[in-house]
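Per-entry structural report
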Amino acid sequence: MVLWALGIGPGDEVIIPANTFIATAWGATLCGARPVFVDCEPDSYNIDPRKVEQAITSATKAIVAVHLFGQPADIDPLRAIALKHNLFLVEDCAQAHIGEYKGQRVGGIGTSASFSFYPGKNLGAYGEGGAVTTNDQHLARKFKMMRDHGAETKYHHELYGHNYRMEGIQGAVLGVKLNHLLQWTEGRRQAAARYRALLEPCDEIILPQEMPYARHVYHLFVIRVRNGKRDALMQFLNEQGISTGMHYPIPLHLQPCFAHLGYQIGDFPVSEELAQSGLSLPMYPELTEEQISYVADTIRSFYRI
Ligand SMILES: *Cc1c(COP(=O)(O)O)cnc(C)c1O
């Protein structure tokens with residue numbers, strides 16, 4: 001909806017990180033534009049600003065910065081590139097509700113931003129839901145019309161639109177849950193700190209870094225497992241009753257649905273390595289100290305340390 005409202009369409013290119021959930025790329029595809037992938041940084045796992053500039057062509061219209069796993073992307077260099085090349089900077093905040101970049105909350109930094117309230121997100125509805133944000137009054141008005149069949153006044157359709165209205169029941173649930181988001185986020189941050197303290201001594205895994213500019217909200221706590229042992233550790237944890245995840249096992253440039261874009265294995269080595277070694281440990285606000293210790297102990301017992 002954001003890209004569509006910005007007028008992006010066939011012939012345009014949109015820069016997107018190679019390691020994200022596929023929905024980030026659908027925005028460009030649904031507008032008829034081409035997603036152009038860029039590798040991520042090895043420390044933040046977010047789009048690498050140094051690699052964005054070389055992906056820009058005369059067709060590029062926007063950069064989508066995903067605040068992946070709950071960690072805000074490095075916005076300042078991205079904004080500088082966007083300004084220099086006259087591009088829109090769009091934020092994908094689906095995993096980073098109330099995350100902060102240099103003290104500023106995500107969602108109000110770029111031209112516009114999208115949020116997901118899918119039940120598994122940091123702020124989740126009891127079904128499907130989402131929102132878009134912008135500080136641009138004209139864009140806000142356009143969004144309001146677009147979500148309601150392109151009309152501001154009933155039956156006067158100024159624009160193409162759709163029915164993007166949120167169901168009332170979801171809004172009601174979200175309105176109540178929103179009041180708890182600060183506290184829940186604190187719970188996630190505390191769980192992350194506990195994991196960190198217990199797992200720091202284990203050289204076999206690489207812990208996620210909180211970048212100096214970021215307030216990470218830990219939608220996911222993704223470790224990297226060294227020496228090709230990710231799948232074995234995952235299976236071991238599963239056998240001990242600990243569910244883990246992979247975010248994401250196949251980077252976007254290697255997904256079959258994007259085969260026509262012509263990317264190959266080796267194009268984005270950092271994203272490809274993360275797909276091979278990344279393991280998401282249990283993460284939610286209600287995780288107890290005992291549960292976290294059990295996860296850490298089980299990981300240590302896998303390595304017999
Ligand atoms: C979940 C998610 C989305 C899409 O959210 P939906 O509500 O499922 O449409 C987009 N981008 C990222 C990074 C996500 O994690």
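Everything discussed here concerns the structure shown above.
This section reports on the structure supplied with the text. The shown structure was predicted, so the numbers you read here are calculated from the model rather than taken from an experiment.

Things to note about the sheet that holds strand 13 (residues 221–225)
Read across the sheet, three strands follow the order 11-13-14 without closing on themselves; strand pairing throughout is antiparallel. Every other strand in the sheet has two partners, leaving strand 11 (205–206) and strand 14 (278–281) as the edge strands with one partner each. Bridge count for strand 13 against strand 14 is four bridges, and the pairing is antiparallel. Directly across from Ile-223, in strand 14, lies its bridge partner Leu-279. In the packing of helix 7 (residues 181–199) onto the sheet, the strands contacted are strand 11, strand 13 and strand 14, and the crossing angle to strand 13 comes to about 20°.

Structural notes on the pattern of salt bridges
Taken as a whole and assessed by the stated rule, the structure comprises 16 salt bridges. The salt bridge involving Lys-51 is made with Asp-48; its shortest N-O contact spans 3.8 Å. For Lys-51, a relative accessible area of 29% corresponds to the partly exposed category. Each of Glu-41, Asp-48, Arg-50 and Lys-51 takes part in salt bridges that share partners, so that together they form one network.

What to know about the sheet that holds strand 5 (residues 100–101)
Read from one edge of the open sheet, three strands run 6-5-12, paired in antiparallel fashion. Edge positions in the sheet fall to strand 6 (104–105) and strand 12 (214–215), since each has one partner strand and no second. By the bridge criterion, two bridges tie strand 5 to strand 6 in an arrangement that is antiparallel. Counted as the bridge partner of Tyr-101 is Gln-104 from strand 6.

A look at the environment of Ile-8
Within the secondary structure, Ile-8 sits in the loop between helix 1 (2–5) and strand 1 (13–17). Spatially, the C-alpha atom of Ile-8 lies 6.4 Å from that of Cys-31, the residues being 23 residues apart in sequence. Excluding anything up to four places from it in sequence, Ile-8 contacts Leu-3, Val-14, Cys-31, Ala-33, Lys-61, Ala-62 and Phe-88.

Rules used throughout
- Residues numbered from 1 in each chain as written.
- Predicted model: local features only at pLDDT ≥ 70, side-chain atom pairs only at ≥ 80, totals over all residues.
- Heavy atoms only, no water.
- Pairing = 2+ DSSP bridges.
- Helix = DSSP H or I, 4+ residues; strand = E, 2+ residues; numbered from the N terminus.
- Contact = heavy atoms within 4.5 Å.
- Axes fitted to C-alpha atoms, helices over the stretch in contact; angles between N-to-C directions.
- Salt bridge = Lys/Arg side-chain N within 4 Å of Asp/Glu carboxyl O.
- Buried < 20%, exposed > 50% of the residue type's maximum accessible area, 1.4 Å probe, protein only.

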